[in-house]
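# Structural description and commentary
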There are 2 protein chains.
Amino acid sequence: MAVRVDLNISLDGVAMPADPSPENPMGADWGRLVEDYTATRTFRERIFGDTSGAGTTGVDDRYGAAYFEGVGAEVMGAGMFGLHAFADDPEWRGWWGDAPPFRVPVFVLTHRRRAPIAFDNGTRFEFVSATVTDTVHRAAAVAGGADVRIGGGVGVVRAALEADLVDRLHVAVRPIVLGRGTRLWDDLRDLDRRYSVTSEVAESGVVHVTFTR
Amino acid sequence: MAVRVDLNISLDGVAMPADPSPENPMGADWGRLVEDYTATRTFRERIFGDTSGAGTTGVDDRYGAAYFEGVGAEVMGAGMFGLHAFADDPEWRGWWGDAPPFRVPVFVLTHRRRAPIAFDNGTRFEFVSATVTDTVHRAAAVAGGADVRIGGGVGVVRAALEADLVDRLHVAVRPIVLGRGTRLWDDLRDLDRRYSVTSEVAESGVVHVTFTR
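Quantities reported herein were computed from a predicted structural model and do not represent experimental measurements.

Helix and strand counts for chain A come out as seven helices and eleven strands. Computed over C-alpha atoms, the radius of gyration of chain A comes to 16 Å, within 12% of the 17 Å expected from 2.2 N^0.38 for 213 residues, which places it in the range of a compact globule. Counting only C-alpha atoms and orienting by the principal axes, one finds that chain A spans roughly 40 × 40 × 35 Å. The 213 residues of chain A split such that 52% are buried.

All names here are of chain B. As summarised here, the arrangement of the nine strands in space is E5-E6-E4-E3-E7-E1-E8-E11-E10, forming an open sheet in which the pairing is mixed. What marks the edges here is a single partner per strand, and that holds for strand E5 (117–118) and strand E10 (196–201). Two elements, E5 and strand E6 (residues 124–128), share two bridges in a ladder whose sense is antiparallel. Bridging across to E6, Ala118 finds its partner in Arg124. The sheet contacts of helix H6 (residues 132–142) involve strand E1 (3–10), strand E3 (71–77), strand E4 (105–109), E6 and strand E7 (147–152), and relative to E4 the element is tilted by about 170°.

Further remarks concern the pattern of salt bridges. One pass over the full model with this rule turns up 38 salt bridges over all chains. In this structure, Arg193 of chain B engages Asp190 of chain B in a salt bridge whose closest nitrogen and oxygen atoms are separated by 3.3 Å. When its relative accessible area of 55% is taken as the criterion, Arg193 of chain B is described as exposed. You can call Asp190 of chain B partly exposed: its relative accessible area is 22%. One continuous salt-bridge network, built from bridges that share partners, spans Arg32 of chain A together with Asp190, Asp192 and Arg193 of chain B.

Empty space among the atoms can be located by rolling a probe the size of a water molecule over them. As enumerated under the stated definition, the model contains two cavities of 30 Å³ or more in all. Put simply, the parts of the chain that give the lining of the largest cavity at least two residues each are strand E1 (3–10) and strand E11 (207–212) of chain A together with E1 and strand E11 (207–212) of chain B. Residue classes in the lining of the largest cavity are distributed as twelve nonpolar, two polar and no charged. By volume, the second largest cavity is sized at about 40 Å³.

Residues and elements named next belong to chain A. Within the secondary structure, Gly122 sits in the loop between strand E5 (117–118) and strand E6 (124–128). Overall, the relative accessible area of 37% leaves Gly122 in the partly exposed class. Sequence separation between Gly122 and Gly64 is 58 residues; the distance between their C-alpha atoms is 20 Å. With near-sequence residues (within four places) excluded, Gly122 lies in contact with Arg103, Val104 and Pro105.

Here we take up the interface of chain B and chain A. With 27 residues of chain B in contact, the opposing surface of chain A contributes 27 residues. At the boundary of chain B with chain A, total buried surface from both sides reaches about 2,300 Å², with 54% on carbon and sulfur atoms. Looking only at chain B, the three residues that lose the most surface to chain A are Leu11, Val177 and Arg189 of chain B, adding up to 29% of its buried area. Linking chain B with chain A are eight salt bridges.

With numbering aligned to this structure, UniProt lists the feature "domain: Bacterial bifunctional deaminase-reductase C-terminal" (unreviewed entry) at residues 3–189 of chain A. Note that residues 3–189 of chain A is 26% helix and 24% strand, and that its end C-alpha atoms are spaced 20 Å apart.

Looking now at helix H4 (residues 59–68) of chain B. Three or four residues apart is the spacing at which side chains of an α-helix point the same way, because the helix has 3.6 residues per turn. Of all ten residues that make up H4 of chain B, seven are buried, and the element is covered over most of its length. Within H4 of chain B the residues assigned to the buried category are Val59, Asp60, Asp61, Tyr63, Gly64, Tyr67 and Phe68 of chain B.

This part covers the relation of the copies chain B and chain A. Take chain B, turn it by 180°, move it 0.0 Å along the axis, and it overlays chain A with an RMSD of 0.0 Å. On the angle and the small slide along the axis, the relation comes out as a two-fold axis. Both copies contact each other with a shared surface, as 100% of the interface residues of chain B are interface residues in chain A too.

Turning next to the side chain of Arg158 of chain A. Looking at the secondary structure, you find Arg158 of chain A in helix H7 (residues 154–162). A polar contact of 2.8 Å, which involves the side chain of Arg158 of chain A, links it to the backbone oxygen of Leu184 of chain A.

A word on helix H6 (residues 132–142) of chain A. All names here are of chain A. Residues Val132, Thr135, Val136 and Ala139 constitute the buried set of H6. Along the axis of H6, the buried positions cluster into a sector of 100°, meaning they face one direction only. Residues of H6 that are buried in the fold lie against E1, strand E3 (71–77), strand E4 (105–109), E6, strand E7 (147–152) and H7. Positive phi appears at Gly144, one or two residues downstream of H6, with a value of about 60°.

Attention now goes to the packing of aromatic side chains. Under the definition given, this model contains 32 aromatic pairs over all chains. On the numbers, 5.2 Å between centres and 80° between planes, the contact of Trp92 of chain B with Trp95 of chain B is edge-to-face. Chaining the aromatic ring pairs together yields one cluster made of Phe81, Trp96, Phe102, Phe119, Phe125 and Phe127 of chain A. Its guanidinium or amino end placed over the ring of Phe127 of chain A, Arg114 of chain A lies 5.7 Å from that ring's centre, counting from NZ or CZ.

Residue and element names in this part refer to chain B. Counting buried positions along E4 gives four out of five residues, so the element sits mostly inside the fold. Where E3 and E4 come together, four bridges link them in parallel fashion. Note that in E4 the partner of Val75 across the bridge is Phe107. Note that E4 and E6 share five bridges and pair parallel.

Rules of the game
- Residues numbered from 1 in each chain as written.
- Chains lettered and ligands numbered in written order.
- Predicted model: local features only at pLDDT ≥ 70, side-chain atom pairs only at ≥ 80, totals over all residues.
- Heavy atoms only, no water.
- Helix = DSSP H or I, 4+ residues; strand = E, 2+ residues; numbered from the N terminus.
- Rg over C-alpha atoms; globule rule 2.2 N^0.38 Å.
- Buried < 20%, exposed > 50% of the residue type's maximum accessible area, 1.4 Å probe, protein only.
- Pairing = 2+ DSSP bridges.
- Contact = heavy atoms within 4.5 Å.
- Axes fitted to C-alpha atoms, helices over the stretch in contact; angles between N-to-C directions.
- Salt bridge = Lys/Arg side-chain N within 4 Å of Asp/Glu carboxyl O.
- 1 Å grid on protein atoms, 1.4 Å probe; cavity = no way out; pocket = protein on both sides within 12 Å on 5 of 7 lines; lining within 4 Å.
- Points joined across faces, edges and corners; volume = space filled by probe spheres on them.
- Nonpolar A, V, L, I, M, F, W, Y, C, P; charged D, E, K, R; others polar.
- Buried area = accessible area lost by both parts, 1.4 Å probe.
- UniProt positions renumbered as here; feature names shortened; annotations may be inferred.
- Least-squares fit on C-alpha atoms with pLDDT ≥ 70 in both.
- Polar contact = N/O pair within 3.5 Å; in protein donor to acceptor, adjacent residues only side chain to side chain.
- Arc of directions from axis to C-beta.
- Phe/Tyr/Trp six-rings, centres within 6.5 Å; stacked < 30°, edge-to-face > 60°.
- Lys NZ or Arg CZ within 6 Å of the ring centre and 35° of its normal.

In structure tokens:
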């Protein structure tokens with residue numbers, strides 16, 4: 001069992017663009033940040049339900065496919081689930097429609113009380129008011145020996161890294177400079193000393209950097 | 001004629017480590033930041049005068065050799081020359097001993113008046129109180145059609161990028177997280193839109209990112 005994280009960041013380390021709005025709840029730069037990831041065949045199939053086989057099939061797609069493999073449970077923050085953007089909507093069921101791509105138990109960190117939401121494909125959102133550490137342990141207990149993924153957002157990931165919970169961190173660095181937003185690396189001095197670090201450049205120009213221990 | 005910049009940065013974008021001291025005028029982390037560059041055969045030969053052929057010869061060394069090719073004049077800040085660390089020493093002649101590796105005219109930006117210093121190998125330091133833009137133009141005028149390099153430090157490089165003076169920016173990204181120091185990318189939003197960006201991973205794990213226009 002490993003605890004895994006995958007993030008898309010800019011060259012200047014921005015993982016969460018600035019200025020979320022109702023029109024762009026992840027920030028106006030989100031599309032640019034994840035552009036090469038959303039172009040992959042895996043993303044198009046798994047997230048958009050596009051079974052035509054369209055999409056890129058190179059290095060980015062290999063990481064995209066690995067993202068979904070071997071995960072038995074997921075932990076995410078309230079913002080990633082959409083509870084900040086849709087705080088007043090008790091019927092909000094996440095961004096992902098009727099078939100969220102997780103297909104495993106997902107623990108959403110929030111201080112709000114909400115009833116669990118289950119989907120036919122195995123995705124089940126459960127809302128917990130607990131620390132990241134306790135929630136990762138709880139996710140591990142239901143993951144059946146498979147990995148736990150911490151999906152994001154960047155605040156939850158940073159808390160998990162600071163708590164030394166993460167066994168594998170993969171960042172897809174898109175070579176753009178955003179200059180605004182929440183950076184992944186701040187206050188994580190010497191993070192690399194706890195891991196082996198390897199890098200690989202995709203056809204798209206994205207640099208995939210993987211921290212493994 | 002192109003204006004070129006080469007910098008070593010950490011994964012979190014630090015180009016100048018924090019806390020310079022008399023013992024570590026470039027900051028205590030400087031050695032870690034440039035470790036793979038200083039291990040190259042080119043660096044050992046050109047900077048240390050080591051003609052034994054020792055040193056790495058892979059991708060890092062290729063960039064190291066390119067650093068010295070085709071440069072007709074250089075511009076650097078006072079800190080890179082050492083005027084901050086040795087502000088009270090009128091005899092200070094730079095960090096590089098009797099044969100500085102530049103071998104071309106070097107314009108050092110400082111408000112202090114100092115007489116030029118010439119070396120037998122063609123290096124000539126001239127101290128100028130002027131803007132980065134004016135100094136780059138002055139360097140171009142003496143470069144004989146060859147390139148102008150802006151050597152650093154990061155403050156001078158950032159000013160040159162903001163003034164859109166730079167034709168080629170090469171950053172060697174060492175996969176370490178320093179967390180402290182002066183970052184290259186801050187306030188350079190959309191820098192990438194003015195360039196083509198390519199990346200290459202060295203045997204050492206350093207990611208070489210090149211902005212070209």
